[in-house]
Amino acid sequence: ASIVTRLHEAGLGEFSPLIAVNPGGTREINRWPPPKFVALLDTLAQRYPNAGFIITGGPEDGERAAHIEQSVAKNVRVLNLARKLSMKETGALLS
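Parameters and conventions
Residues numbered from 1 in each chain as written. Predicted model: local features only at pLDDT ≥ 70, side-chain atom pairs only at ≥ 80, totals over all residues. Heavy atoms only, no water. Helix = DSSP H or I, 4+ residues; strand = E, 2+ residues; numbered from the N terminus. Buried < 20%, exposed > 50% of the residue type's maximum accessible area, 1.4 Å probe, protein only. Contact = heavy atoms within 4.5 Å. Areas by Shrake-Rupley, 256 points an atom, 1.4 Å probe, with all protein chains shown as cover. Lys, Arg positive; Asp, Glu negative; His and termini not counted. Charge placed at Lys NZ, Arg CZ, Asp CG, Glu CD. Phe/Tyr/Trp six-rings, centres within 6.5 Å; stacked < 30°, edge-to-face > 60°. Expected span 1.5 Å × (residues − 1). Core = buried A, V, L, I, M, F, W, Y, C linked by side-chain atoms within 4.5 Å. pLDDT = per-residue confidence, 0-100. Axes fitted to C-alpha atoms, helices over the stretch in contact; angles between N-to-C directions. Parallel < 35°, antiparallel > 145°, perpendicular 65-115°, else oblique. Left-handed = near helix turned anticlockwise from the far one by under 90°. Nonpolar A, V, L, I, M, F, W, Y, C, P; charged D, E, K, R; others polar.

*Asks:* Describe in detail the overall build of the protein, supporting the description with residues and values.
*Replies:* Of regular secondary structure, the protein possesses four helices and three strands. The secondary structure elements of the protein, listed N-terminal to C-terminal, are α-β-α-β-α-β-α. Each principal axis of the C-alpha distribution contributes one length, and for the protein these read about 35 × 30 × 20 Å. In the protein, which comprises 95 residues, the proportion classed as buried is 36%. Sequence separation of 24 or more characterises 74% of the internal contacts of the protein that already satisfy a separation of 6 or more. For the protein, the exposed surface amounts to about 5,900 Å²; the carbon and sulfur share of it is 53%. Charge centroids of the protein, computed over 11 positive and 9 negative side chains, lie 4 Å from each other.

What follows is the structure in structure tokens.
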């Protein structure tokens with residue numbers, strides 16, 4: 001399915017802005033802890049109530065992304081696409 005279709009299926013097609021985060025990093029020292037991403041998304045959702053959030057990442061980021069997705073406040077509209085997009089699809093999402 002196209003990125004637009006995935007966003008609509010997840011209920012994020014009409015939200016503006018859409019904000020993407022990627023919890024991964026090549027080295028552990030470069031990775032932010034998941035609780036910091038949770039706090040960031042919760043804060044941004046309060047500040048921008050019409051925003052939708054997307055978590056991106058590679059195969060190694062799935063567990064971290066799932067933790068973030070499950071830990072954000074219930075009012076945060078988030079779609080976890082970690083491990084689900086190719087590099088080309090991620091580029092299309094971010095464009």
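*Asks:* For the packing of aromatic side chains, give the residues involved together with the corresponding values.
*Replies:* Evaluation of the coordinates by the stated rule reveals one aromatic pair. Judged by centre distance (5.1 Å) and plane angle (85°), the rings of tryptophan 32 and phenylalanine 37 are edge-to-face. Among the residues examined, tryptophan 32 registers a relative accessible area of 41% and is labelled partly exposed.

*Asks:* Describe helix 2 (residues 34–47), naming the residues involved and giving the relevant values.
*Replies:* Taking 1.5 Å per residue as the helical rise, helix 2 with its 14 residues ought to reach 20 Å, and the 20 Å between its terminal C-alpha atoms agrees with that figure. Packing partners of the buried residues in helix 2 comprise strand 1 (18–21), strand 2 (52–55) and helix 3 (62–71).

*Asks:* Which residues make up the nonpolar core, and what values go with them?
*Replies:* Generally speaking, nonpolar side chains in soluble globular proteins are found buried as a group. Residues Leu41, Phe53, Ile55, Ile68, Val72, Val76 and Val78 are the most contacted members of the largest nonpolar core, which totals 15 residues. At the level of elements, helix 2, strand 2 and helix 3 are the ones that each hand at least two residues to this core. If you tally residues by element for this core, the top one is helix 2, at five residues. Apart from residues lying up to four places away in sequence, valine 76 is in contact with Leu41, Asp42, Ala45 and Phe53.

*Asks:* Tell me about the confidence of the model for the protein, and name the residues and values.
*Replies:* Averaged over all residues, the pLDDT of the protein equals 87, while 97% of them reach at least 70. Least confident of the elements in the protein is helix 1 (residues 3–9), whose mean pLDDT is 77; most confident is helix 2, at 96.

*Asks:* For the packing of helix 2 against helix 3, give the residues involved together with the corresponding values.
*Replies:* Where helix 2 meets helix 3, the closest approach of the two axes is 9 Å, and the angle between their N-to-C directions is 40°. In terms of orientation, helix 2 and helix 3 fall into the oblique class. As for how helix 2 packs across helix 3, the hand of that crossing is right-handed. Only Arg64, His67, Ile68 and Ser71 of helix 3 make contact with helix 2, whose side of the interface consists of Pro34, Phe37, Val38 and Leu41. In terms of residue class, the contact of helix 2 with helix 3 is built from five nonpolar, two polar and one charged.

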